[in-house]
Each structure stands twice: as structure tokens, then as C-alpha cells.
Amino acid sequence: MSDEKRGLRAARLVVMRASAFLVVVVAVVNAGFVSPGNNVLPLWYGALGITAGAVTLGVGLLSSLLGTRTLRAGAAVAVAMYVVFVALFPLAAHAGHVERMPWPLTASSATVAAALVAGGMRWGWMTVLYGAAAGVLYRLVFGGFDVDGVINDAHAVLTASVICVLGGYVLSSGAVLDDAAAARREAGSREYAEKGRLAARTRTAALVHDEALATLALAASPLPVPTDRLATQARRAADMLTRLVDDDAGGAELLEAALAAEARAFGAEFVGPAENVPPLPPATREAILGAARQALDNARRHAPGARRSLSVRASGGVVEVEIADDGEGFDPSRIADDRLGVRQSIVGRMARLPGTAARVESAPGEGTRVVLSYVPASAAEVTALGDRRSLLRGTALVGVGFVALQVLCAIVMVINAPSSWPRQLAILLVVVVAAEVLRRSPGLVPTRGRTIVVVAAAVLGAVITMVAAPMTYGELWPIVALAFLLVGVAVRGRFGVALVAAAVVVAVVVVGGIIDRVPVGQILTLTTRPALIVVMATVMLLIVRRMQRRVAALHDQAVAAAEQESWSRGASAELRERTDDLARTVVPLLSRIGEGLPVSDADRREYAALEGSLRDGLRAGALSREPLRGAVAAARGRGVDVVLLDDSDQSLSDTDIRAVTTWMVDAVAQAQRSAVGRLLPPGRQTVASVTIDGRPLLFEDAAHGTAEGAAQGSVTSFQGE
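As the structure is a computational prediction, the values presented were derived from the model and not from experiment. (Residues numbered from 1 in each chain as written. Predicted model: local features only at pLDDT ≥ 70, side-chain atom pairs only at ≥ 80, totals over all residues. Heavy atoms only, no water.)

A.B. asks: Provide a residue-level description of the packing of aromatic side chains, including the pertinent values.
C.D. replies: According to the stated counting rule, one finds eight aromatic pairs in the structure shown. Centre to centre, the rings of W44 and Y45 are 5.7 Å apart; their planes meet at 85 degrees, and the pair counts as edge-to-face. A centroid spacing of 6.2 Å and a plane angle of 55 degrees characterise the contact between Y45 and F89, whose relative ring orientation is tilted. Taken together, the residues span a long stretch of sequence, with Y45 in helix α2 (residues 43-61) and F89 in helix α4 (residues 89-95) at a distance of 44 residues. Owing to a relative accessible area of 3%, Y45 belongs among the buried residues under this scheme. A relative accessible area of 0% places F89 in the buried class. Pairwise contacts between aromatic rings join W44, Y45, F85, F89, Y138 and F142 into one cluster. (Phe/Tyr/Trp six-rings, centres within 6.5 Å; stacked < 30°, edge-to-face > 60°. Helix = DSSP H or I, 4+ residues; strand = E, 2+ residues; numbered from the N terminus. Buried < 20%, exposed > 50% of the residue type's maximum accessible area, 1.4 Å probe, protein only.)

A.B. asks: Hey, could you go over the packing of helix α19 (residues 587-594) against helix α20 (residues 601-619) for me, with residue numbers and the actual values?
C.D. replies: Closest axis-to-axis distance for the α19/α20 pair is 11 Å, and the angle between their directions is 140 degrees. Classified by the angle their axes make, α19 and α20 are oblique. Considering only the axes of α19 and α20, their crossing is left-handed. Each of L589, R592 and I593 in α19 lies in contact with α20, whose residues at this interface are D603, E606, Y607 and L610. Looking at side-chain class alone, the contact of α19 with α20 contains four nonpolar, no polar and three charged residues. (Axes fitted to C-alpha atoms, helices over the stretch in contact; angles between N-to-C directions. Parallel < 35°, antiparallel > 145°, perpendicular 65-115°, else oblique. Left-handed = near helix turned anticlockwise from the far one by under 90°. Contact = heavy atoms within 4.5 Å. Nonpolar A, V, L, I, M, F, W, Y, C, P; charged D, E, K, R; others polar.)

A.B. asks: Any details on the nonpolar core? Residues and values, ideally.
C.D. replies: Side chains that are nonpolar tend, in soluble globular proteins, to be buried together. If you look at the biggest cluster of nonpolar residues, it comprises 94 residues, and the most contacted ones within it are F402, W477, L486 and V534. Every residue in contact with V534, bar those within four places of it in the chain, is listed here: A483, L486, V487, A498, L499 and A502. (Core = buried A, V, L, I, M, F, W, Y, C linked by side-chain atoms within 4.5 Å.)

A.B. asks: Break down the pattern of salt bridges for me, citing the residues and quoting the values.
C.D. replies: Summed over the entire model, instances satisfying the criterion amount to 17 salt bridges. For E269, the salt bridge goes to R307, with nearest N and O atoms at 3.1 Å. Of this pair, E269 sits in strand β1 (residues 269-271) while R307 sits in the loop between α11 (282-302) and β2 (308-315), and the two are 38 residues apart along the sequence. Linking R300 and D297 is a salt bridge whose minimum nitrogen-to-oxygen distance equals 3.3 Å. With R300 and D297 both in helix α11, this residue pair falls three residues apart, about one helical turn. Salt bridges sharing common partners tie together R313, E320, E322, R359, E361 and R369. (Salt bridge = Lys/Arg side-chain N within 4 Å of Asp/Glu carboxyl O.)

A.B. asks: Lay out the packing of helix α14 (residues 421-439) against helix α16 (residues 477-491) with the relevant residues and their values.
C.D. replies: Relative to each other, α14 and α16 sit at 5 degrees, their axes nearing to 10 Å. Relative to α16, α14 is oriented roughly parallel. Residues Q424, I427, L428, V431, A434, A435 and L438 of α14 pack against W477, P478, A481, L482, L485, G488 and V489 of α16. Counted by class, the contact of α14 with α16 contains 12 nonpolar, two polar and no charged residues.

A.B. asks: Please give an account of helix α22 (residues 654-670) that cites residues and values.
C.D. replies: Between its terminal C-alpha atoms α22 stretches 25 Å, which fits the 24 Å expected from 17 residues at 1.5 Å a residue. The complete set of buried residues in α22 reads I657, V660, T661, W663, M664, V665, A667 and V668. (Expected span 1.5 Å × (residues − 1).)

A.B. asks: Describe in detail a nonpolar patch on the surface, supporting the description with residues and values.
C.D. replies: Taken together, the side chains of V136, L137, L140, V141 and F145 define a hydrophobic patch exposed on the protein surface, amounting to about 500 Å² of accessible area. Take V136: it is sitting in helix α6 (residues 121-142). Of the residues examined, V136 reaches a relative accessible area of 45% and is grouped as partly exposed. (Patch = residues over 30% accessible without salt bridge, like charges linked within 9 Å, V, L, I, M, F, W, Y side chains within 5 Å. Areas by Shrake-Rupley, 256 points an atom, 1.4 Å probe, with all protein chains shown as cover.)

A.B. asks: An account of the environment of F85 is needed here, citing residue identities and associated values.
C.D. replies: Relative to the assigned elements, F85 resides in helix α3 (residues 68-87). We classify F85 as buried; its relative accessible area is 16%. For the pair F85 and G49, spaced 36 residues apart in the sequence, the C-alpha separation amounts to 6.2 Å. In contact with F85, not counting residues within four places along its chain, are Y45, L48, G49 and L105.

A.B. asks: Explain unusual backbone geometry to me, and be specific about the residues and the numbers.
C.D. replies: Most peptide bonds are trans, and most residues other than glycine sit at a negative phi. At the junction of E626 and P627, the peptide bond is cis and its omega measures out at 5 degrees in the coordinates. In this structure, P627 sits in the loop between α20 and α21 (628-637). Within the chain, D693 stands out as a residue other than glycine whose phi angle is a positive 50 degrees. With respect to the helices and strands, the residue D693 is situated in the loop between β8 (688-692) and β9 (695-699).

A.B. asks: Describe in detail the sheet that holds β8, supporting the description with residues and values.
C.D. replies: Strand order in the open sheet formed by four strands is β6-β7-β8-β9, with mixed pairing between adjacent strands. If you trace the sheet from one side to the other, it starts and ends with β6 (641-646) and β9, each paired once. When the angles between neighbouring strand axes are averaged without regard to direction, this sheet yields 10 degrees. For β8 and β9, the ladder comprises five bridges, and the chain directions are antiparallel. The partner of S689 across the bridge, within β9, is L698. (Pairing = 2+ DSSP bridges.)

On their own, these measurements won't tell you what the molecule is for.
Given below as C-alpha cells:
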């Protein structure tokens, strides 16, 4: 079975099982409680009817074991056998002795349900019309076109119509679930593929910052650095960059185990969670793990003698990781703009994913505490209520037919017993008014007042009918009519009220039958249809709700798996591209440093130029373009330390960015020692700034120049990933 059709398959199972249940009810009532009268039909015809019912029952009972095609084919066979069974009745009647058309011929509800499974709503309504037309024709030809026959057939058509509407709603619920899941799966695949690529870029950028930049900066520094230490660090950095793709393949390791391994690597105490850490989205896991690694590395480098700890807490899907040390601490607000260890490898890395955050708590003399948190968003579950408008339209259509048929029943009864017209009219008015009260409900679920009116009409109408009318099927037509009102109550969401009211109506009929000493079989025939239709409607609607939850959960799992697969594919593709690029540009220099050979001035300039270029890739954003890129490369060739920072929200026009970069070219060309060019965050009076050898200049707009003496803000975003 395809995951994409789980909802529709589940709906077909529900409807087919309902068909099997209806077959059982008809068989039990007909075999045990209904007298065959003087009808004598050929044995072959009885065998055909039993076979048709057995096929329907068998397909329903085995439905969960059958494939979708086999299930629909079996349902189609059941429908075909019913059609043949009804069509051959004239031949059987001619061969036997028939005084009255048997009522099971008009009991088409089970076949209507099977027709819905086989061919949808069109097949269902065709079966309803086929049964109704056969009933009218055969009663005219073979007898039974009397009060009981007409009213029985009217209610049989109504019952089949209700089953058709409810079954169609069940199928539409499954189809809507499938469509919603398919749409989410398609959108999620694209979204998560891009998220995977973004996570890979973020991971690569963080690794470049944490390992490559630090190594190149040390190698380019004129300060004395132990050669063996630098070589070891370079080899580790080259190895980590080379193994990016391979490391990603092991990303399924649980977060708790990965964090414990990081804590051991950095000599920190690990405190595990009291509750198991739930599986996290891959990007979230990577962000937490990378930020924790950076926090531990910072603690080791800046508080070498301090006690370090890493603790994990999990509760209700929320995960919190705390990295703490009892070192000297620092003032987080005084972190320089060009230092990305805290700002971006920790805070920025966590801020870029939904539900994740990081906060750094520290003060001089009070140690440092880094808290990484993840709060899962409310799941975008695949849920659907089915085509409620179609259900209400179908119910309204059945309601029109219901009123018309009840008018017909009243007219037939008046013709049969003219003196009963006041009672027939009164009951008809009660039924029509109650139906109108229910129809005019402003919302899907009727108000308490409207519900009380409908239920009171059903119960009181049943009591009045039982007191005033003889105990015959025709005379008790209002009982079934009132039961159909309760179906409307159930359809509109008042399941419990509908069931209780139906039970009261049935109890009224049973008590009345017992008082009048009516045979049990007759009482059963009078109560089966009103009880059955309310129970079936309620059960089917309740099953739809359960089915929706179960299928939605299955679809959620399938969608999550598809999103995970898309994320992995996107991340792997991006990591391969990044790894190949790093293998061409960065790894060769790191390998050279890793050989531990003496470093010349030319080597230092080469290392510094590459380190600056990597920094631009991480932080320069929109500033990384010509002609500024060439001017920066030339300045670095002269030994100038150049830093480019993009703190904008990428809202600047291309024209403004070209003006800023052109302006910065002239400024960088004048630098002798250092230059820091920066696109400022939105909301500032100025667009950009550049600090040349400690002298700040401001770019106000594209039309006019600069001014001196502006305070620099902090780096708040990590561009270029």
C-alpha cells in the first residue's frame, strides 16, 4: 500500500465494514423475525441472495487483508451480485409463487456502501436509484403497493441515501487527509532540502571558523608559536575538514551520547538527563552539538584551570544543555565585533534555527554559564475534517427528500384512513418544524436550545404516535421519520444526545408493543430501522474521527521521514561541494603547516591572505564583491589587516551596496595597518562605516560623503552561510 493513499484506504475499510454489518442486520431480521408469508421463491434464487450477502460480508471481514485493488474489485462483485439478484426477481417470481415483493429487495443500504468503495459517490447514488426504481416497479407488478409497502420503501430509500452521504463523507475525509499530506510532503521536501543545505553551510562555516581560521591566524602571526603545537592543530583541522561528508553519515548518533563524548574530550564533567532526550531534527542536533563544542573550547582556552561541566535536561520535548565553568568570567557586552566564537559559533548558530536559542551568562569573577535550549514548535500535523461542506450539502439534499417522503407518507396514511388526517397533519408539522429548526442552526453544531427542541420533538412525537396509532409499520411511520431527525443531530456533532434520544424512542416503541401484546418480531421490525440508522450514523462519524487521527499520525510519520531524507540529501550534497572547495583551497595550506616546517614571511602573508578571505566568506556578506574584493586582497598583500562585516538585514538595494563598496575601495587603499569595513544594522542613521588605522568614517547615503567619530555596534548576524 502506498503511503500517499493511506487515508483513502482506511476510509474504504470503514465503509466496507459498515456494508458487512448492514448485511448481517438484514439477514438476522429477515431470517429470525420476519414471516415470509405466502411467498415461495425458487431455491436457486434464495441461494443467489445468500451468496450475494456472503460475498459482501466476506469482503468486509477480510478488507484489512486485501490490497486496495482487490478490495475494490470485491466490492464491485458484491454490487454486481445485488444488481443481478434484483434484476432476476421477475424470473424467480414467475417460477415460484409470490403474493408480495419481499422487503429485502429494497434494503439496498449494504450495497450502497459497497458501491461507494468500488466506484465512489456516483456508484453509490446509482445504486440508491436502482433500488428505489426496482421497489416501485416490482410493487406495482407483484403486489405490495400498499401503505406498509410504500412507507417501507420510502424509508429504505432514505436510509440508503443517508448511508451514501455518510459513506461519501468518510471517503472524502480519507482523500482530504491524503491530499493534505501530499501537499505538505512536497512543500516539506523542498523546504527541508534547503534547510539541509543551510545546515551544511552553517556547519562548514562554523568548522572553518573554529579550526581553519584559528590555525591560519596562528600560522600568520609573527608571535612565536610552538611548531609542534601548530602542526598538530593544522593536521586536526585538515582532517576535520576532509571528513565533513563522512562525519555527516554518522549524524544519527543520539545527542546525549554525542554531548557526553564532547564533554570527555574537553575534560568536563557530564551530567546526563533524568528523562531521555527525544530525537531532534538533524539541523537542531548539529547546532546544539556545535555550539556546545565551541563553548567547551572557549572554557578550556580562557579558563584553563577552572572546573568545567556539561549538563543535559529534557522535559516534555524541551531540551536544555548547560556548559559552565568557575573561571574568571567576562563581560559579554564587551566582546569585539570581529570575535565570532561567542557571537556566531554559539549564539548566532542557535539563533538561526526555529525553536533554538542560546544565552551567555557571565561577569568578571563569577564564572561563565552558556545555556543552549530547544523548544519544539507545535507540530504542523496533517489533519482534516473531510469535505464538511459536501456532507452538509448531501445532508440538505437528503433533508429535502426526507420532507417530501414524509409528506408522501402522511398523504398515503390519510388516503388509507381519512379520519386520521388531524393526527397525520400534526405529526407531519412536528417533523417538518423540527427539521427546519435543525437546518437553520447558524453553526455546524446546533445550540443547546435547538438540540433540545429537536430531541423533544422526536421523543414526544414517538409517545404521541404510540398512544394514538395502531402498532403497524405504516401507522408508525413517524417513528422512523423522527429517527432521521436524530441522524441530523448526530451529523452535526451531537453524538451522545442522538444516541440517548434514539434509545428513548426505541424504548417507547418497545414499551408500547409490550403493552399492546405485539409479537417480538413485529416490535423488532418497527424498531430496527430507527435504531440502526442513528447508530450507524453515529458510529461512522466517530470512526471517521478516530480514522483521521490515526491516518494523520501515519502521514505525520511519513512526512517526517520524507523531510529527514530531503534534509539529508540536501546536507550531503552541500557538504560534498564545500568539502571539494576546501580541499582545493584550505586543506593544502593546512597540510603544509601540519608538516611542521619553518614558516617564512611569504608563507605568513599567504596564510594571512587566505585567513582573511575565509573571514570574508563568513562575515562579509554583500561586501564580498568587486571592486572591493580586489582592493582588500591588495591591502592584505601589503600586510594590512582587513576585516569586512555585513550586519545588515540584506534590505539594501544593489545600487546602494555598489556605492558603499566603491566608497570603501578608496578608504581601504589608504590603510597602512588595519581597516574594518561594515554594513550597519537597519534602523541606523548611517548605512555603513569603515575604520582606517583607528579612524572611523561613516557612509550616510549614496549621495554624499562621510563623517568622523561614530561608535561601532555589535555583530548580530552571520552572513554568507
